[in-house]
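The chain contents come next:
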Amino acid sequence: MAVSARLASASIGRRRVLHGIELQLPAGRWCAIVGPNGAGKSTLLRVLAGLLPCDGEVRLLGRPLAGWPAHERARHLAWLGQQEGGAEDLRAWDVAMLGRLPHRAWLAPPSAADRAAVTQALHATQAWALRERRLGELSGGERQRVLLARLLATQAQVALMDEPLAHLDPPHQADWLAAVRALVAAGAAVVSVLHELNMALQADEVLIVRDGRLAHHGASGDAATHRALQAAFDGRVRVHPVQGQWIALPQEASHAD
Ligand code: ADP
Ligand code: MG
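Cut-offs applied
Residues numbered from 1 in each chain as written. Chains lettered and ligands numbered in written order. Predicted model: local features only at pLDDT ≥ 70, side-chain atom pairs only at ≥ 80, totals over all residues. Heavy atoms only, no water. Near = heavy atom within 4 Å. Polar contact = N/O pair within 3.5 Å; in protein donor to acceptor, adjacent residues only side chain to side chain. Areas by Shrake-Rupley, 256 points an atom, 1.4 Å probe, with all protein chains shown as cover. Helix = DSSP H or I, 4+ residues; strand = E, 2+ residues; numbered from the N terminus. Nonpolar A, V, L, I, M, F, W, Y, C, P; charged D, E, K, R; others polar. Buried < 20%, exposed > 50% of the residue type's maximum accessible area, 1.4 Å probe, protein only.

Novice: Before we move on, can you summarise the site of ligand 1 with the specific residues and values?
Specialist: Neighbouring ligand 1 are Ile12, Arg15, Val17, Pro36, Asn37, Gly38, Ala39, Gly40, Lys41, Ser42 and Thr43. Note that an oxygen atom of ligand 1 is positioned 2.9 Å from one of the backbone N or O atoms of Gly40. In this structure, Ser42 approaches ligand 1 through a side-chain N or O atom, which is 2.9 Å from an oxygen atom. Across the complex, the protein chains shield 59% of the 560 Å² of accessible surface that ligand 1 would expose by itself. Only strand 2 (15–25) and helix 1 (41–48) provide two or more residues apiece to the shell around ligand 1. It is helix 1 that contributes the most residues to the shell around ligand 1, 3 residues altogether. When its residues are assigned to classes, the shell around ligand 1 shows 4 nonpolar, 5 polar and 2 charged.

Here is the structure:
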């Protein structure tokens, strides 16, 4: 398993946000985490990344998170948070190069492999032309692409992303999808919190979080997953087949079951 978790609870401050979660996410798969606002999706992702402690255990590639030396763990687990701040004065190239830090010895200059990974990542997110610009000067979508490039540059076996499509226009969403498919084809596990249900329905697996609990975990094409998705949003979405894909359409309140 790329990531597995078994926890009784996780809290932010004194507030219990997650309750009784057990999950296993295999390598070479893309899992989308969906659920209503405030359900606990970001909290769950932070627990999986080891950024928030929990009452339980998270394992990365079969080994408890706590058992990994930090530098080594950062090579295997790449993270893209929601509304990440910091690094505003850095150029996009240097931001993407941050993704290579876990591969480098302390204070060592970037190697040819580091530069190649960063170049490839900036191209994959269409951010190559932005490489000399400072992060703080970029639009929301441009910034998101640079942060995605940082994640891709790490070439980690597990990639965790919280609302990676935020601010991305449809062509760049398609680029993101291509990048995810490439990661998965290379054997990585991708876990993404997604707001966009239609994108989530293209993942291999869908994990539905509601009220801090795992309401469902199943294949994106399963009827049970579609029913659980509809229920998680109180019948305010409906999943339909459209041209060989599953599409979630919002329902007017008067039409909800
Ligand atoms: P989601 O990502 O599904 O929208 P979150 O995981 O961010 O939800 O939040 C889950 C719950 O935890 C929400 O009720 C939210 O209000 C609460 N929460 C999130 N961050 C904090 C925080 N820093 N302090 C207190 N409560 C928080
Ligand atoms: Mg969130």
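Here the narrative resumes, following the displayed structure.
Novice: I'd like a description of the environment of Ala166, backed by residues and values.
Specialist: Assignment of secondary structure puts Ala166 in the loop between strand 7 (158–162) and helix 6 (170–185). In this structure Ala166 comes out as partly exposed when scored by relative accessible area, which is 25%.

Novice: I'd love a proper account of helix 1, names of residues and values included.
Specialist: Counted residue by residue, helix 1 has 6 buried out of 8 residues, so it is predominantly covered. Turning to helix 1, its buried residues number three or more, namely Lys41, Thr43, Leu44, Leu45, Val47 and Leu48. Note on helix 1: the residue one or two positions beyond its end, Gly50, has a positive phi of about 80 degrees.

These values are about where atoms sit, not about what they do.
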